[in-house]
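Listed below, chain by chain, are the residues.
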Amino acid sequence: MLIEPMPAEAVEIAHKQVSLAAEDLDGNAVATLVLELAEAWGVPALWEQVCRPLLAGLSGRTAAEVVVEHALCEGVRVGLDVHRREPGRSLPTGGVLLAGAEKEAHSLGLQALAAALREQGRGCLNLGPALPWSALTSAVYRARPHTVVLWSQTPVTGRAYRLVRFARDFARLRVYGAGPGWIEPLTAPVAHLDSLPRAVAACLAGVPGRDAHHIRYGSVPYR
């Protein structure tokens, strides 16, 4: 999926404005800026050129940095969650299931993907962070998606062998690992999504000619 990049000057201004709001611990200001930037440039450009670099630049080595990081994360989360939502109207899940890997506390990447899909008029089932493998299996049986995207932020939760085994248990599913936690190679039938545009494109591709609500899975034990 191609995106129009933000001009360098706009990126520089956005970095300064969002950074200052986070340093002031003003989550509402961060959320407002995120909304404005998303409307102006789209979520993929906002995430790749503003949010990801700013989040990566906070090492969290000091108490002050930890507080700023939390303010930034919360503001970004709220802004992304509000973007393109219409009160009283929810988009169908479209056969896409998003979740954080087991014991993974971070989920901003999932929020960004969900917001980017809403920009395209598509919904998803976002189950948030730290979903146990057994619960992910249960969710697949209940929601019958065609695409699953599992987010991992750190190598502690990015258990590549486990995701590959899960994908092999559900041969009809398209399974992807997203986020920087998958440092071990993800082998077929799993693929790694290393950017938000790639993740959006993968989710929009779907399964041609097949209604996700009619997909059936065999009996797979919870693991």
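These remarks concern the structure in this document. Since the model is a prediction, treat every value here as computed from it, not as a measurement.

On to helix H4 (residues 63–82). Owing to its 3.6 residues per turn, the α-helix brings residues three or four apart onto one side. In this model H4 runs 29 Å from its N-terminal to its C-terminal C-alpha over 20 residues, within 8% of the 28 Å that 1.5 Å per residue would give. Close packing links the buried residues of H4 with helix H1 (8–23), helix H2 (27–41), helix H3 (43–56) and helix H5 (108–119). Phi turns positive, to about 60°, at Arg84, one or two residues after H4.

In terms of residue burial, strand E4 (residues 174–178) counts as a mostly covered element, since 4 of its 5 residues are buried. Once the chain exits strand E3 (residues 147–151) it traverses helix H7 (residues 160–169) before rejoining the sheet at E4, and the crossover so formed is right-handed. Sheet topology places E4 next to strand E5 (residues 190–193); 4 bridges connect them, and they run parallel. Bridge pairing in E5 links Ala178 to Leu193.

By size, the foremost hydrophobic cluster in this structure holds 46 residues, and its most contacted members are Trp47, Leu72, Val76, Leu80 and Leu113. Contact partners of Val76, with chain neighbours within four places excluded, come to Val30, Val34, Trp47, Cys51 and Leu108. Listed in part, the 21 residues of the second largest apolar core include Leu97, Ala99, Leu131 and Ala139.

The next point concerns the sheet that holds strand E2 (residues 125–126). Here we have 5 strands laid out as an open sheet, ordered E2-E1-E3-E4-E5, and parallel in their pairing. Strands with a single pairing partner mark the edges of an open sheet, and in this sheet they are E2 and E5. Contacts between H5 and the sheet are confined to strand E1 (96–100), E2 and E3, with E1 contributing the most and set at about 160° to the helix.

Definitions and limits used
- Residues numbered from 1 in each chain as written.
- Predicted model: local features only at pLDDT ≥ 70, side-chain atom pairs only at ≥ 80, totals over all residues.
- Heavy atoms only, no water.
- Helix = DSSP H or I, 4+ residues; strand = E, 2+ residues; numbered from the N terminus.
- Expected span 1.5 Å × (residues − 1).
- Contact = heavy atoms within 4.5 Å.
- Buried < 20%, exposed > 50% of the residue type's maximum accessible area, 1.4 Å probe, protein only.
- Right-handed = clockwise from strand over helix to strand, strands pointing away.
- Pairing = 2+ DSSP bridges.
- Core = buried A, V, L, I, M, F, W, Y, C linked by side-chain atoms within 4.5 Å.
- Axes fitted to C-alpha atoms, helices over the stretch in contact; angles between N-to-C directions.

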